[in-house]
Amino acid sequence: MSGPTGPAPFLQACRRQPVAHVPVWFMRQAGRSLPEYRRARGNGSILAAIAEPELAAELTMQPVRRYGVDAAVLFSDIIVPVHAVGFGIDVEPGRGPVVEAPFRSVDDLRRLRPLEPEADVPYVTEAVKLLVAELDPRVPLIGFAGAPFTVASYLIEGGPSRTFARVKSLMHADPGLWSALMDRLADLSGAFLRAQVEAGAAAVQLFDSWAGALSVTDYERFVLPTTRRVLAGVADLGVPAVLFGVGTGELLGAMGGAGAGVVGVDWRVPIDEARRRIGPDVAVQGNLDPAVCLAPWEVVAAEARDVLERAGGAPGHIFNLGHGVLPETDPGVLGALVDLVHAEGRAGVVP
Ligand code: CP3
């Protein structure tokens, strides 16, 4: 039975089972768009906030309380594992991850030793345990990791990039080194996901945010095998996995075969077409353009209804934005969006 005491709609939709209502959560739902986040966070470094389990748990809970979303996403970051093994990476406010000495040669592999979760990231498992104790079981906690390509892009470029020129040139010029780097990062991501699930996370998301920079040929040759390995490495845990990237329209078919039960899509491809490209046995997550949330409510509502209609019918749709919440978003709009999806979403809803 579904309903107020039944199973979690988010997990049911991930498994393409019938749901009581279409589940919804937002990437980057915790963050600068929330006044309570800005108050609780202060001006310290984000990595320091992540390393305080009580604070990380509180920041994770804030959007759950305010919006009534169907999933919580752990307050953490994709660079936590590489930071924890001492690669030398930080997060610059307003810019993102920055590396003082970028990855250049085979000698740099030494800076990526395996992750020992109990010793290296005890605060992450501690935050997960606090959250699992606090959350309503119908609101599962999503753990996450960066996919090897996206993490590699920061390590090699030294920061955010527009062209990914250095990453692409390394993968083509030195495929052996590239594959050794991807292997190390796959081990780190896999260990990080496993630790979160063993502590109680009920689902995982693998963020390959920047994979859309690649041609499908390069994606299949240089990235997909490693992504597959990460997902296969957590398959025995029995929790749903979401694979997400931005600008992946041409990659969706390949991503659908990566071994994730759910593929997250951005707004560039309508979700019905995205579903066709991903294939029949995979659920979809998305895909309202986050910038639309800055428009008047009538526009937001019409665009959200369009997503719901296109996804309607077949089970296996999780409503989300096509990428993270923009900091200037009015939290009232996101709250109203959750209500609209719950009231009007039809994909896989038990009549
Ligand atoms: O609510 C949530 O979604 C959970 C928290 C979360 C953060 N980072 C916290 C954070 C998640 C899921 C991430 C993942 C992440 N981090 C990704 C993949 C998702 C995506 O956006 O594609 C990437 C590429 C990163 C790397 C990163 N960390 C970036 C690009 C930034 C933004 C820089 C900025 O200031 O705009 C960060 C910092 C960061 N991670 C912030 C938050 C809330 C903002 C800075 C802060 O509050 O100090």
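Residues numbered from 1 in each chain as written. Predicted model: local features only at pLDDT ≥ 70, side-chain atom pairs only at ≥ 80, totals over all residues. Heavy atoms only, no water.

Trainee: Any chance you could explain the site of the ligand here in plain terms?
Mentor: In the region of the ligand, 26 residues are neighbours, and Arg28, Tyr37, Arg41, Ser209 and His323 sit closest. At 2.5 Å, a side-chain N or O of serine 209 approaches an oxygen atom of the ligand. Contact with the protein chains removes 92% of the 850 Å² of surface that the ligand exposes when unbound. For the shell around the ligand, the secondary-structure elements that each account for two or more residues are helix H2 (35-41) and strand S3 (96-99). Grouping the constituent residues of the shell around the ligand by class yields 15 nonpolar, six polar and five charged. (Near = heavy atom within 4 Å. Polar contact = N/O pair within 3.5 Å; in protein donor to acceptor, adjacent residues only side chain to side chain. Areas by Shrake-Rupley, 256 points an atom, 1.4 Å probe, with all protein chains shown as cover. Helix = DSSP H or I, 4+ residues; strand = E, 2+ residues; numbered from the N terminus. Nonpolar A, V, L, I, M, F, W, Y, C, P; charged D, E, K, R; others polar.)

Trainee: Looking at this structure, I do not really get helix H14 (residues 297-311). What am I missing?
Mentor: Side chains that are three or four residues apart share a direction in an α-helix, a result of its 3.6 residues per turn. The terminal C-alpha atoms of H14 lie 21 Å apart, and with 15 residues this matches the ideal 21 Å at 1.5 Å per residue to within 8%. Within the span of H14, buried status applies to Val300, Ala301, Ala304, Val307, Leu308 and Ala311. In a view along the axis of H14, the buried residues occupy a sector of 125°, so they form one face of it. Seen from the buried face of H14, the exposed residues on the opposite side, beyond 90 degrees, are Glu298 and Glu309. Of the surrounding secondary structure, the elements contacted by the buried residues of H14 are helix H13 (271-278), strand S8 (283-288), strand S9 (317-321) and helix H15 (331-344). Trailing H14 by a residue or two, glycine 313 shows a phi angle of about 95°, which is positive. (Expected span 1.5 Å × (residues − 1). Buried < 20%, exposed > 50% of the residue type's maximum accessible area, 1.4 Å probe, protein only. Arc of directions from axis to C-beta. Contact = heavy atoms within 4.5 Å.)

Trainee: I'm lost on the pairing of S9 in this one. Help?
Mentor: Working note: regular strand, side chains alternate between the two faces of the sheet. Along S9, five of the five residues are buried, which leaves the element largely enclosed by surrounding structure. With burial as the criterion, each face of S9 is covered, one bearing His317, Phe319 and Leu321 and the other bearing Ile318 and Asn320. As judged from the five bridges shared by S8 and S9, these two strands associate in the parallel manner. Each residue of the ladder has a partner; that of asparagine 287, found in S9, is asparagine 320. Note on the crossover from S8 through H14 to S9: the handedness is right-handed. (Pairing = 2+ DSSP bridges. Right-handed = clockwise from strand over helix to strand, strands pointing away.)

Trainee: Would you mind showing me how to read the side chain of glutamine 29 here?
Mentor: By secondary structure assignment, the location of glutamine 29 is in the loop between helix H1 (9-14) and H2. Of note is the side chain of glutamine 29, whose polar atom sits 3.0 Å from the backbone oxygen of alanine 71. With residues near it in sequence (within four places) discarded, glutamine 29 still touches Leu34, Pro63, Tyr67, Val69, Ala71, Ala72, Val73 and Val325.

Trainee: Explanation requested: the packing of aromatic side chains in the structure shown.
Mentor: The way to describe two aromatic rings as a pair is by their centre distance and the angle between their planes. Overall, the coordinates contain six aromatic pairs when judged by the stated rule. Relative to phenylalanine 207, the ring of phenylalanine 144 lies with its centre 5.3 Å away and its plane at 90°, an arrangement referred to as edge-to-face. Remark: phenylalanine 207 occurs in strand S5 (residues 203-207) and phenylalanine 144 occurs in strand S4 (residues 141-146); sequence separation between them is 63 residues. Residues phenylalanine 144 and phenylalanine 207 agree in their burial class; the two are buried. (Phe/Tyr/Trp six-rings, centres within 6.5 Å; stacked < 30°, edge-to-face > 60°.)

Trainee: Quick question: what am I supposed to make of the packing of helix H9 (residues 165-173) against helix H10 (residues 175-199) here?
Mentor: Relative to each other, H9 and H10 sit at 115°, their axes nearing to 5 Å. Of the possible angle classes, the one that applies to H9 and H10 is roughly perpendicular. On H10, the residues that touch Val167, Leu170, Met171, His172 and Ala173 of H9 are Pro175, Leu177 and Trp178. Residues of the contact of H9 with H10, tallied by class, amount to seven nonpolar, one polar and no charged. (Axes fitted to C-alpha atoms, helices over the stretch in contact; angles between N-to-C directions. Parallel < 35°, antiparallel > 145°, perpendicular 65-115°, else oblique.)

Trainee: Could you clarify how one ought to interpret the nonpolar core in this entry?
Mentor: In summary, soluble globular proteins display a tendency toward joint burial of nonpolar side chains. In terms of nonpolar packing, the biggest core is built from 134 residues, with Val82, Phe103, Leu155, Trp178, Tyr219, Phe319 and Leu337 touching the most fellow members. With 11 residues, H10 is the single largest residue contributor to this core. Setting aside its immediate chain neighbours within four residues, tyrosine 219 contacts Asp208, Ala211, Leu214, Leu224, Pro225, Thr227, Leu243, Leu251, Ala254 and Met255. (Core = buried A, V, L, I, M, F, W, Y, C linked by side-chain atoms within 4.5 Å.)

Trainee: Where do I start with the sheet that holds S5 in this structure?
Mentor: By definition, the strands of a sheet pair up through backbone hydrogen bonds, in either a parallel or an antiparallel sense. Strands sit in the order S1-S4-S5-S6-S7-S8-S9 across an open sheet of seven strands; the sheet is parallel. Either end of the sheet is taken by a strand with one partner, and the two such strands are strand S1 (72-73) and S9. Where S5 meets strand S6 (residues 241-244), four bridges bridge the pair, whose relative direction is parallel. Counterpart to glutamine 205 in the pairing with S6 is valine 242.

Trainee: Explain H13 to me, please; I cannot follow it from the model alone.
Mentor: Along H13, the residues that are buried comprise Ile271, Ala274, Arg275 and Ile278. Considered in projection along H13, the buried side chains sweep an arc of 100° and stay on one side of the axis. One or two residues past the end of H13 sits glycine 279, with phi positive at roughly 110°.

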